[in-house]
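# Commentary on secondary and tertiary structure
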Amino acid sequence: MRMRTIKPWWVIAAFLSGLAFAMWAEELVLSTQEGRLEFAAPRVHFLVGKPLERLRNASEVPFVFKITLWSGTRTHVLREVPARFVVSYDLWEEKFSVTKLVTPRRTARHLTDNAAEAWCLQEMSQDVTGISANEPLWARLEIRAEDSKESGLPFGRGNITDSGINLTSLIEIFSRPAATTQPHWTIETGPVTLDELRRGRRRG
Amino acid sequence: MRTLFLTGIFVIALPICCAPFPDGPLDNDEAGPTNVNTRLIVESVQVSGQGSAKLSDPLRSELSEFAGKNFDQPLLERLADRIKQELHAPDVRMHVVKGDMPDHVIVNFEIGVEREKRFDLDLARFLYHSKQGWSGQGHATVNIHENAFSFGMISDGDRLSERYAGIQAGFERRHVGTDRLQLRFDFASYHEQWNEATLLEAAPGDIYRTRTQFSPTATIVILEPLVVSFGVDFARYRLSLPVANTESSNAVVSTLRYHQRWGSAGDEGEQDIRASYSVRAGTHFLESDPVFARHETEARYRFRRRHQDLSIGFLAGKISGLAPLFERFVLGNAETLRGWNKFDLDPLGASRVVHGSIDYVYRGFLVFYDTGAVWDRPEHREQKQSLGLGCKKSGFQLAVAFPVRTGVVSPVFYAGMNF
């Protein structure tokens with residue numbers, strides 16, 4: 001019987017299509033506006049799936065955002081800025097409300113889903129005064145929906161019953177990778193200079 | 001000065017005025033609720049699903065009090081937790097939908113049904129006792145279409161006058177035609193170890209090296225809190241005589257159980273009563289070597305309210321005839337007369353027992369008092385008492401107990417779970 005082999009060009013095609021899909025799916029767009037670096041991710045939607053299900057059930061859903069900037073080289077972290085947002089959905093108005101948990105709090109109301117997502121990203125803009133216009137920059141945006149109380153403590157109520165510690169539940173908790181328990185998104189871009197961003201804006 | 005003040009206002013106001021606005025109004029410096037639905041009014045609160053009819057009146061009236069108030073997610077989630085606790089439901093989910101009136105919502109608590117786990121692993125008991133050492137018990141269960149097959153291992157030096165270690169296996173059918181009838185078959189095989197004090201007191205024919213038990217039982221739910229179990233227990237044990245000899249202790253077993261619970265651990269408190277009476281009769285009819293009748297009654301009342309937990313227990317038992325050592329009553333372990341050593345009280349166990357205990361837990365801090373007596377002859381009956389303190393949380397317990405007596409008092413320390 002003759003063995004069928006996989007042609008190398010199939011592997012390359014699969015890799016390239018995967019890469020193209022990844023590039024299409026995840027895109028962090030940078031722009032500068034009056035000395036601030038602004039972020040947009042038109043193809044990333046975090047008000048979907050489980051978080052949206054919770055929102056449509058009148059619950060509020062906290063999201064943690066983190067911006068990481070590298071300058072000069074990819075190993076030099078310029079800054080890491082986390083921020084926490086709480087999103088809720090008005091059942092009657094069918095609009096979103098977002099609160100940034102900083103002091104003082106900032107809240108935007110009566111937003112569509114896309115506008116709510118854009119507002120969160122807009123609130124993550126960074127001051128880039130003092131950064132050389134020719135210095136290469138890399139940026140990463142991480143978004144994580146925080147779990148409600150479902151995360152479960154190892155020795156929580158559900159795991160200890162009248163018949164003892166339920167080891168099955170404990171195994172489930174410890175074998176679950178932390179990253180997959182919560183909906184999360186990570187997108188990156190770079191290297192890009194402030195000069196290129198300014199030129200790009202003028203062209204656009 | 002005035003110029004500086006105006007410049008300050010300008011510097012602050014300018015970025016705010018120039019900042020791009022989202023397509024909704026922006027509020028600054030807010031400390032109010034982050035959930036926009038708090039403006040909505042709860043039209044009604046409903047409970048649906050299995051067991052919803054069993055909800056206590058105080059909790060039901062508390063639920064209805066939410067109608068007409070603003071939607072408060074944390075409060076309603078706490079209420080869902082209380083429903084879950086009171087009904088011992090595996091899950092209670094809150095669903096919120098638009099009401100009939102504008103800006104009103106209907107809240108529905110849906111009680112989930114228990115999902116049968118195909119495979120389950122339980123550490124049923126774990127204990128360290130400063131006089132008796134380690135004890136542990138664990139089992140694995142496989143559930144296939146309401147049939148549960150379990151296999152476990154045990155090493156227990158606490159409950160009986162012997163340390164028994166070995167394997168346990170079981171089959172359980174939870175519904176036999178009706179929800180009111182269950183069938184169970186248990187098998188166990190143990191190796192025994194004996195304390196020096198027991199070996200000194202016992203007759204050569206009392207001590208056995210191995211023990212094998214097979215016990216088929218049926219359980220019938222007579223009336224919801226009242227359950228009766230009956231069956232037989234076939235035990236074979238190999239004596240430690242120079243000429244190895246095997247004896248059988250075959251008994252008819254019957255147990256009547258009562259378990260009632262009401263209220264919830266919230267405001268009004270939860271009350272729980274468990275009581276049982278069991279009889280085991282070894283008879284020649286089943287070709288048993290020892291002939292005996294063992295009666296045992298147990299009761300426990302528990303009251304829980306917020307951080308307080310009060311538990312009062314009672315145990316009494318009597319054996320007539322000559323029962324093997326594993327049937328005899330033992331006091332002075334991690335559950336009874338805590339602080340006393342069972343080998344000091346009666347190294348062989350006894351044919352009569354009376355015991356009472358009071359446990360009080362406040363925010364995990366435990367104090368307890370035990371009293372009881374074990375005896376074979378009335379003239380040997382002597383009431384013993386013990387006191388102890390420790391901590392108890394979620395099935396875990398760590399305590400030190402002191403026997404109440406004159407002379408040298410050596411405390412007993414124990415730690416573990418579910419004993």
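Quick caveat: nothing in here was measured; it's all calculated off a predicted structure.

## Topic: the overall build of chain B
Looking only at helices and strands, one finds 5 helices and 20 strands in chain B. Expressed as a percentage of its 419 residues, the buried residues of chain B come to 26%. Summarising the internal contacts of chain B: among those between residues at least 6 apart in sequence, 51% fall at separations of at least 24.

## Looking at the overall build of chain A
Counting secondary structure elements, chain A contains 6 helices and 11 strands. A buried classification covers 23% of the 204 residues belonging to chain A. By sequence separation, contacts in chain A at least 24 residues apart represent 63% of the contacts at least 6 residues apart.

## Topic: the sheet that holds strand S2 (residues 41-49) of chain B
All names here are of chain B. Taken together, 3 strands build an open sheet; the order of strands is S2-S4-S3 and the sheet is mixed. Since the sheet does not close on itself, it has two edges, and those belong to S2 and strand S3 (92-98), each with one partner. Neighbour-to-neighbour, the strand axes of the sheet open up by a mean angle of 20°, direction not taken into account. Alignment of S3 against strand S4 (residues 104-111), held across 7 bridges, turns out to be antiparallel. Note that in S4 the partner of Val92 across the bridge is Ile111. Taken strand by strand, helix H3 (residues 73-87) contacts S2, S3 and S4, and its axis lies near 140° from that of S3.

## Here's the deal with the sheet that holds strand S7 (residues 126-127) of chain A
All names here are of chain A. Taken together, 3 strands build an open sheet; the order of strands is S1-S2-S7 and the sheet is antiparallel. Looking at which strands have only one partner, the edges of the open sheet turn out to be strand S1 (29-33) and S7. Examined bridge by bridge, S1 and strand S2 (residues 36-40) share 5 bridges and lie antiparallel to one another. Bridge pairing in S2 places Thr32 opposite Leu37.

## Observations regarding the nonpolar core
Counting residues in hydrophobic clusters, the biggest one holds 53 residues, and the most contacted among them are Phe63, Val87, Val98, Ala116 and Cys120 of chain A together with Ile83 and Val105 of chain B. Apart from the residues within four sequence positions on either side, Ile83 of chain B is in contact with Val47, Leu55, Leu59, Ala89, Val92 and Phe109 of chain B. In this structure, Phe329, Val330, Leu337 and Leu345 of chain B belong to the second largest nonpolar core, which totals 9 residues.

## Quick look at unusual backbone geometry
Residue and element names in this part refer to chain A. Residue Gly190 is joined to Pro191 through a cis peptide bond whose omega torsion reads 0°. With respect to the helices and strands, Pro191 occurs in strand S11 (residues 184-192). Located in the positive-phi region is Glu34, a residue other than glycine, with phi close to 45°. Classification of Glu34 as exposed rests on a count of 11 C-beta atoms within 10 Å.

## So, the confidence of the model for chain B
All names here are of chain B. On average, residues of chain B score 86 in pLDDT, and 90% of them reach the 70 mark or higher. When pLDDT is averaged over each helix and strand of chain B, the minimum, 42, is found for helix H1 (residues 2-18) and the maximum, 96, for strand S16 (residues 352-362). Within the model, pLDDT remains below 50 along residues 1-29, and this stretch shows 20 contacts once partners closer than five positions in the same chain are excluded. The ipTM, which scores confidence in the relative placement of chains, is 0.72 for this predicted complex, and the corresponding pTM is 0.61.

## Let's talk about the pairing of strand S4 (residues 77-90) of chain A
All names here are of chain A. Two strands pair when backbone bridges link them, and strand S3 (residues 61-71) and S4 are joined in this way by 10 bridges, in the antiparallel orientation. When the bridges of S4 are listed, Leu69 appears paired with Arg79. Between S3 and S4, which pair antiparallel and follow one another directly, the connecting turn spans 5 residues, one of which, Gly72, has a positive phi of 75°. As paired strands, S4 and strand S5 (residues 95-100) are joined by 6 bridges and run antiparallel to one another. For Asp90, the partnering residue across the bridge sits in S5 and is Lys95. In this antiparallel pair of consecutive strands, S4 and S5, the connection spans 4 residues, and Glu94 shows a positive phi of 55°.

## Examining helix H3 (residues 113-122) of chain A
Within the sequence span of H3 of chain A, burial applies to Ala116, Glu117, Trp119, Cys120 and Leu121 of chain A. Taken together, the buried residues of H3 of chain A touch S2, S3, S4, S5 and strand S6 (106-111) of chain A.

## Looking at the pairing of strand S5 (residues 119-129) of chain B
Residue and element names in this part refer to chain B. Both S5 and strand S6 (residues 133-144) contribute to a ladder of 10 bridges, which runs antiparallel. Looking across to S6, one finds that His129 is bridged to Gly133. Hairpin connection from S5 to S6: 3 residues lie between these consecutive antiparallel strands. Here S5 runs beside strand S20 (residues 412-417); their pairing, made up of 4 bridges, is antiparallel. Bridging across to S20, His129 finds its partner in Tyr414.

## Details of the confidence of the model for chain A
All names here are of chain A. Confidence in the prediction for chain A averages 78 pLDDT; 71% of positions are at 70 or higher. Below pLDDT 50 for its whole length, residues 21-25 participates in 1 contact with residues either more than four positions away or in separate chains. Residue range residues 150-163 is modelled with pLDDT below 50. Its contacts to residues more than four positions away, or to other chains, number 19 contacts.

## Examining the environment of Ser229 of chain B
Residue and element names in this part refer to chain B. With respect to the element layout, Ser229 can be found in strand S11 (residues 226-239). Look at Ser229 and you get partly exposed, because 17 C-beta atoms sit within 10 Å. Between the C-alpha atom of Ser229 and that of Val253, which follows or precedes it by 24 residues, the distance is 8.0 Å. Beyond its immediate sequence surroundings of up to four residues, Ser229 is in contact with Thr217, Ala218, Thr219, Ser254 and Thr255.

## Thoughts on the environment of Arg306 of chain B
As for its placement among the helices and strands, Arg306 of chain B is situated in the loop between strand S14 (292-305) and strand S15 (308-321). Taking the C-alpha atoms as reference, Arg306 of chain B lies 8.8 Å from Arg363 of chain B; in sequence the two are 57 residues apart.

How each quantity is defined
- Residues numbered from 1 in each chain as written.
- Chains lettered and ligands numbered in written order.
- Predicted model: local features only at pLDDT ≥ 70, side-chain atom pairs only at ≥ 80, totals over all residues.
- Helix = DSSP H or I, 4+ residues; strand = E, 2+ residues; numbered from the N terminus.
- Buried ≥ 20, exposed ≤ 12 C-beta atoms within 10 Å, placed from the backbone.
- Contact = placed C-beta atoms within 7 Å.
- Pairing = 2+ DSSP bridges.
- Axes fitted to C-alpha atoms, helices over the stretch in contact; angles between N-to-C directions.
- Core = buried A, V, L, I, M, F, W, Y, C linked by C-beta atoms within 7 Å.
- pLDDT = per-residue confidence, 0-100.

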